[in-house]
Amino acid sequence: MFSGSIPALATPFRDGSFDEAAFRRLVDWQIENGSKGLVPCGTTGEASTLSNAEHHRVIEVCIEQAAGRVPVIAGCGSNDTRNALLHMQFSKKAGAAAGLCVAPYYNRPSQTGLIAHFSFLAENSDLPIVLYNVPSRTVTDIEDETVCELVNKYPDRIIAIKDASGDLSRVADHRMGIGRDFCQLSGNDELWLPHSAAGGSGCISVTANVAPALCAEFHDAIAANDLVKARELNDRLFPLHYAMFSDASPAPVKYALSRVHDWIECDVRLPLCNASEASRKAVDEALVHAGLIENA
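Residues numbered from 1 in each chain as written. Predicted model: local features only at pLDDT ≥ 70, side-chain atom pairs only at ≥ 80, totals over all residues. Heavy atoms only, no water.

As recorded in an unreviewed UniProt entry, the protein chain goes by 4-hydroxy-tetrahydrodipicolinate synthase and comes from Qipengyuania gelatinilytica. According to its UniProt record, the protein chain has this under Subcellular location (unreviewed entry): "Cytoplasm". The UniProt entry for the protein chain carries this comment under Function (unreviewed entry): "Catalyzes the condensation of (S)-aspartate-beta-semialdehyde [(S)-ASA] and pyruvate to 4-hydroxy-tetrahydrodipicolinate (HTPA)." (UniProt positions renumbered as here; feature names shortened; annotations may be inferred.)

Laid out in structure tokens, this is it:
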């Protein structure tokens, strides 16, 4: 259902509020430069600092501006199962193609709790679910056996996974436990190439926020089995992948966007702070290396 370069969109702020005009321009720029889907209100979108009203408005604007040109996978995760369902119900009504649902953070549920959480969402909403496993942030890991059990139990509801565990063996584990057609998306830009080689269909990417054309070209090279070109593009993008996490995300990617576009601000919300001097230097150098700006 999903493939290619799919940016996990940053949420622009101006004077402390959602900058809707900048976000609409960002959506258009992404689509014009080859992104194959959009993810509003994920980790990079600072969903954890948005009120529910803001969260829903960001999703609504993304869907409106995309206007059916690419699918929108709305960030619907929460550590409160009922609130996650609320996001899913809103996203379905707004026209999202799927909901990205992260493992509940802070609560640290057991695997039994994870199965109960995702089962509740699958049984109470008809919006397709993309599981999101990012144990570095949630502490809780959606183990392979749990993923396979959930997908096999709800094959028409749980349709994909964004895996940011960093464990490439999981691609094969999921293929063996679910099937080769199950949609697996990398959640780590730096592992996009080997993840695809193992059977992944694309990446929900942080780097694609600032380098959508390069990321789209990179995926196209992978899909065409042009390994020489894919390696060349990977080398060009690789420093940027790491620079995006040179400070607490999404501060570096917002700074990078402000360097590429004069219509987007670099501000993040507390408890995050704007990118440090060292982070800005790393981002500038990576942008130069990628050919996205002329000098640091």
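Q: How would you explain the overall build of the protein chain if you had to name every residue and give the values?
A: Scanning the protein chain from N- to C-terminus turns up 12 helices and 9 strands. At 18 Å, the protein chain has a C-alpha radius of gyration in line with the 19 Å of a compact globule built from 296 residues. Seen along its three principal axes, the alpha-carbon backbone of the protein chain occupies a region of about 50 × 45 × 35 Å. Counting only residues that meet the buried cut, the protein chain has 55% of its 296 residues in that class. Here the analysis covers contacts within the protein chain between residues at least 6 apart in sequence; of these, 71% occur between residues at least 24 apart. (Helix = DSSP H or I, 4+ residues; strand = E, 2+ residues; numbered from the N terminus. Rg over C-alpha atoms; globule rule 2.2 N^0.38 Å. Buried < 20%, exposed > 50% of the residue type's maximum accessible area, 1.4 Å probe, protein only. Contact = heavy atoms within 4.5 Å.)

Q: Explain helix α11 (residues 251-260) residue by residue, including any values.
A: Here α11 lies mainly inside the structure; 7 of its 10 residues are buried. All of the buried residues in α11 are Ala251, Pro252, Val253, Lys254, Tyr255, Ala256 and Leu257.

Q: Would you mind going over the side chain of serine 78 in detail, with residue names and values included?
A: With respect to the element layout, serine 78 can be found in the loop between β4 (73-75) and α3 (81-94). Looking at serine 78, its side chain comes within polar contact range of the main-chain nitrogen of aspartate 80, at 3.0 Å. Setting aside residues up to four positions removed in sequence, serine 78 forms contacts with Asn83, Ala84, Val102, Pro104, Tyr105 and His117. (Polar contact = N/O pair within 3.5 Å; in protein donor to acceptor, adjacent residues only side chain to side chain.)

Q: Account for the UniProt feature "active site" (unreviewed entry) in the protein chain, with residues named and values stated.
A: Using the residue numbers shown here, the UniProt feature "active site" (unreviewed entry) corresponds to Tyr132 and Lys162. These annotated residues cover 31 residues of sequence, but their C-alpha atoms sit close together, with the largest distance between any two at 4.8 Å. Secondary-structure assignment places tyrosine 132 in strand β6 (residues 129-133). Sequence-distant contacts of tyrosine 132, defined by excluding residues within four places in its chain, comprise Thr43, Leu100, Cys101, Val102, Ala103, Ile142, Lys162 and Ala164. Relative to the elements of secondary structure, lysine 162 occurs in strand β7 (residues 158-163). By relative accessible area, lysine 162 is classed as buried at 6%. Apart from residues lying up to four places away in sequence, lysine 162 is in contact with Leu100, Val130, Leu131, Tyr132, Asn133, Leu185, Ser186, Gly187 and Ile204. Polar side-chain contacts of lysine 162 include one of 3.4 Å to the side chain of tyrosine 132.

Q: Could you give me a rundown of the sheet that holds strand β1 (residues 4-7), with the residues and numbers involved?
A: On the basis of which strands lie adjacent, the open sheet formed by 7 strands has the order β1-β9-β8-β7-β6-β5-β4 and parallel pairing. Each edge of the open sheet is held by one strand with a lone partner, namely β1 and β4. In this sheet, adjacent strand axes meet at a mean angle of 30 degrees when their direction is disregarded. In the sheet, strand β8 (residues 183-186) pairs with strand β9 (residues 202-205) via 2 bridges, with the strands oriented parallel. In the strand pairing of β9, serine 186 is matched with cysteine 203. Helix α9 (residues 212-223) rests against β1 and β9 of the sheet, and its axis sits at about 150 degrees to β1. (Pairing = 2+ DSSP bridges. Axes fitted to C-alpha atoms, helices over the stretch in contact; angles between N-to-C directions.)

Q: Outline the environment of valine 268, supporting the account with residue identities and numerical values.
A: Within the secondary structure, valine 268 is located in the loop between α11 and α12 (277-290). Classification of valine 268 as buried rests on a relative accessible area of 14%. Through-space distance from the C-alpha of valine 268 to that of aspartate 284 is 18 Å; in sequence the pair is 16 residues apart.

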